[in-house]
Amino acid sequence: MAVVEMQKISLAALKTKRKAILEKLQMLGIMQMEVDSIDDEELMKMDTAESRATWDKHAELCDQAAAILDKYAPEKKGMLDSLKGKELLTMENAQEVIERRHPCNKIARKILRYEKEISDCNANIAKDENLIESLVPWMALDVPLSFEGTKKTAAFIGTLPGVLTEEQILTGLREKAPELAAVDVKVLYTASDSVNVFILCLKEEAETVETALRGLGFSRPPQLTLGKPERVAEEARKDIEEQKTKIAGVIERVKVNAGSREDFHILGDYYRTRAEKYRLLGQIPQSQNAFFLTGWVPKDAAGAVKNLMEKDYGAVCEFEEKKEDEVEPTALRNNKFSSVYEPIVASYGLPQHGKVDPTTIMSFFYMFFFGMMLSDAGYGIVMVIGTAIVLKKYPRMGEGIKKMLTMFFWCGISTTFWGFMYGGFFGDVIDVVATTFLGYTGPTPILKPIWFNPLDAPMKLLVYCMLFGLIHLFVGLGIKGYQYLKEGDVVGFVSDIIAWYALLIGLILILLPTDLFGNIAQMHFEFPAAVNMLAKVLAAGGAIVILLMSGRSNKNWGLRIALGAYDIYGITSWLSDVLSYSRLLALGLATGVIAQVINTMAAMVAKNLGIVGIVIFIIIFIVGSILNLAINLLGAYVHTNRLQYVEFFGKFYDAGGEPFVPFETKTKYVEIK
């Protein structure tokens, strides 16, 4: 468990070597640049904004073209193909594509034009569909919506609010204008809150009718067509078919270019890499003939980087001491087993330099507690086999997902172990199958627990859960003590660590022989008088040291004692922390109980149905087990994280490290060998 030591390094080289040096450092991905650490008014910086924007634009062009191909000419992929990782290419293959990037860019632009054509056609289709929908209420009309009448008549086409009949509309018009001579009303369409009408009157009465209609809330249609609604709708339908035919033709032209998809991926990553180089290039200070770099590299690689730069590029490299206000970046380095748990630590916060990296110790507790929570051998075997197959089949998957799956592989082993310890294999499926279909009537379960069945002795398991939790917390306190000793703070080690160990151990030894503990745990302890006396001495001595020394930084003894008393009151937080480990019992029981309920339900439905019953049992068992595994897998993951973050880390861990972010080749689609 270690935080990688970092070395600050400065580099000066001729500008003629700038391109080669930056590309080499980018390929190695070993140096985090500190572009603002050199402050010299005589040095200048290049304006690379235009060049970077050009490379970014090219990258976006390739990404858009590839996305269009994925949309209209998708590759056939399996459900787990997303785990394949980036495609691995040789430098020769990549260089071949890069050399013909200009023709590829032309193809990409052509594909974007095709996409615009398709978008325009879809816009026309949407316009036609909206037109047809708007004409539905007017289909009974045998004149255009723009029709205004003949030489002797005036026509009014529009809508009136409310659900009205022709007689009601005529009555309303007569009430508004009793002098009307001749008016014809036809209801074309009735909606839930309005009617579409066609009204015809004498031309000389048009003004009177229009005034009356306004009084009734009449409104004309927003879109006036020049043809009959039915004919206009038919023309719109024909246009839709024509647009769809055009789209199909354009899509076929897009598909012809499907072979360029890989080229777009390679070029997109190439352009992004170039843009990143120009971003850095615009930040580094330069003189007329030289340029300067400063940054952090892992200390064990600093010598190799220095030799490489000096020997191959004629650069001048120097190691620098860290300034007082500087914070070096943090990178973690752990063994093969523990390294997969680094994302768990990083999600909480990276350790600072000089502090303890808790990854290795945490990894063992994490696997241990995860297995206790899921605690079913069948589910554990499924996890182990499933993750092993995926890891074997997709060795080039992303680093993050690979670490997560490897972590679940180890957690699956722990789950299998605890499942056999508790006697759980898909709940009690072995006994249920034997009883339901094989006539087994034995008094004892077929799969016996190696340790004990938690359902038979939940309080016993609760005591062990608290014991494991106490060990977990004590280890956390011990790490804090190690940090004190590492910093040379012996007084703090005695006052804040040894005193708390003494107080807690003393109180535990006092509690164990009591009837209260015996009745709860169904376990009875009797200690010799010397042990009982030792317990009291430890508890009293620890309490006195805490009382006197917790506030040692304060010179006022009254305030110092008050702070010490407040710290002793913190014993209640230890109690709540220990009780938090009861979730190991709760989740472990939940997994087993739900599994048994599923098996019992399946057996009840399938009993006495012969072959059909067996099929029904298998279906219910598989579906129920998948749901149970999914729910409790999530629960185990969340609560195991909580035990680390809240209980364990809370005793010693001080995060705040900044992640090590080297200047490197960042690709989206491919990886160059």
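These remarks concern the structure in this document. (Residues numbered from 1 in each chain as written. Predicted model: local features only at pLDDT ≥ 70, side-chain atom pairs only at ≥ 80, totals over all residues. Heavy atoms only, no water.)

With that settled, the discussion passes to the side chain of Asn 641. As for its position among the elements, Asn 641 is in helix H22 (residues 610-648). Among residues more than four places away in sequence, those in contact with Asn 641 are Ile 344 and Tyr 366. (Helix = DSSP H or I, 4+ residues; strand = E, 2+ residues; numbered from the N terminus. Contact = heavy atoms within 4.5 Å.)

Bringing the pattern of salt bridges into the picture now. Here the structure, examined in full by the defined rule, presents 29 salt bridges. Put simply, Asp 56 and Arg 52 hold a salt bridge, and the shortest N to O gap is 3.8 Å. Of this pair, Asp 56 and Arg 52 both sit in helix H2 (residues 49-72), four residues apart, which is roughly one turn of the helix. For Glu 230, the salt bridge is made with Arg 237, and the minimal N-O distance between the two is 3.9 Å. In this structure Glu 230 comes out as partly exposed when scored by relative accessible area, which is 41%. (Salt bridge = Lys/Arg side-chain N within 4 Å of Asp/Glu carboxyl O. Buried < 20%, exposed > 50% of the residue type's maximum accessible area, 1.4 Å probe, protein only.)

Attention shifts here to the sheet that holds strand E6 (residues 183-190). Taken in spatial order, the three strands of this open sheet run E5-E7-E6, and their pairing is antiparallel. Unpaired on one side and paired on the other, strand E5 (153-161) and E6 mark the two borders of the sheet. Ignoring which end each strand starts from, the neighbouring axes of this sheet average 20° apart. Contacting E5, E6 and strand E7 (194-202), helix H5 (residues 166-176) runs over the sheet at an angle of about 135° to E6. Sheet strands in contact with helix H6 (residues 206-216) are E5, E6 and E7, and its direction is about 0° off that of E5. (Pairing = 2+ DSSP bridges. Axes fitted to C-alpha atoms, helices over the stretch in contact; angles between N-to-C directions.)

Read from one edge to the other, the open sheet built from four strands follows the order E3-E8-E2-E9, with strand pairing classed as antiparallel. Looking at the sheet topology across the chains shown, the edges are occupied by strand E3 (32-33) and strand E9 (316-320). Each of strand E2 (6-14), E3 and strand E8 (290-298) touches helix H1 (residues 18-28); the most contacted strand, E8, lies at about 15° to it. This element, helix H9 (residues 299-313), spans E2, E8 and E9 of the sheet and lies at about 10° to E2.

For the rest of this paragraph, the subject is the packing of H2 against helix H8 (residues 261-281). Interaxial distance between H2 and H8 falls to 8 Å at its minimum, and their mutual angle equals 160°. When the axis of H2 is compared with that of H8, the two are roughly antiparallel. With respect to the hand of their crossing, H2 and H8 are arranged in left-handed fashion. For the pair H2 and H8, contact is made by Ser 51, Arg 52, Trp 55, Asp 56, His 58, Ala 59, Cys 62, Asp 63, Ala 65, Ala 66, Leu 69 and Asp 70 and by Arg 261, Phe 264, His 265, Leu 267, Gly 268, Tyr 270, Tyr 271, Arg 272, Arg 274, Ala 275, Tyr 278 and Arg 279, respectively. Looking at side-chain class alone, the contact of H2 with H8 contains 12 nonpolar, four polar and eight charged residues. (Parallel < 35°, antiparallel > 145°, perpendicular 65-115°, else oblique. Left-handed = near helix turned anticlockwise from the far one by under 90°. Nonpolar A, V, L, I, M, F, W, Y, C, P; charged D, E, K, R; others polar.)

Function cannot be read off these values alone, since they describe shape.
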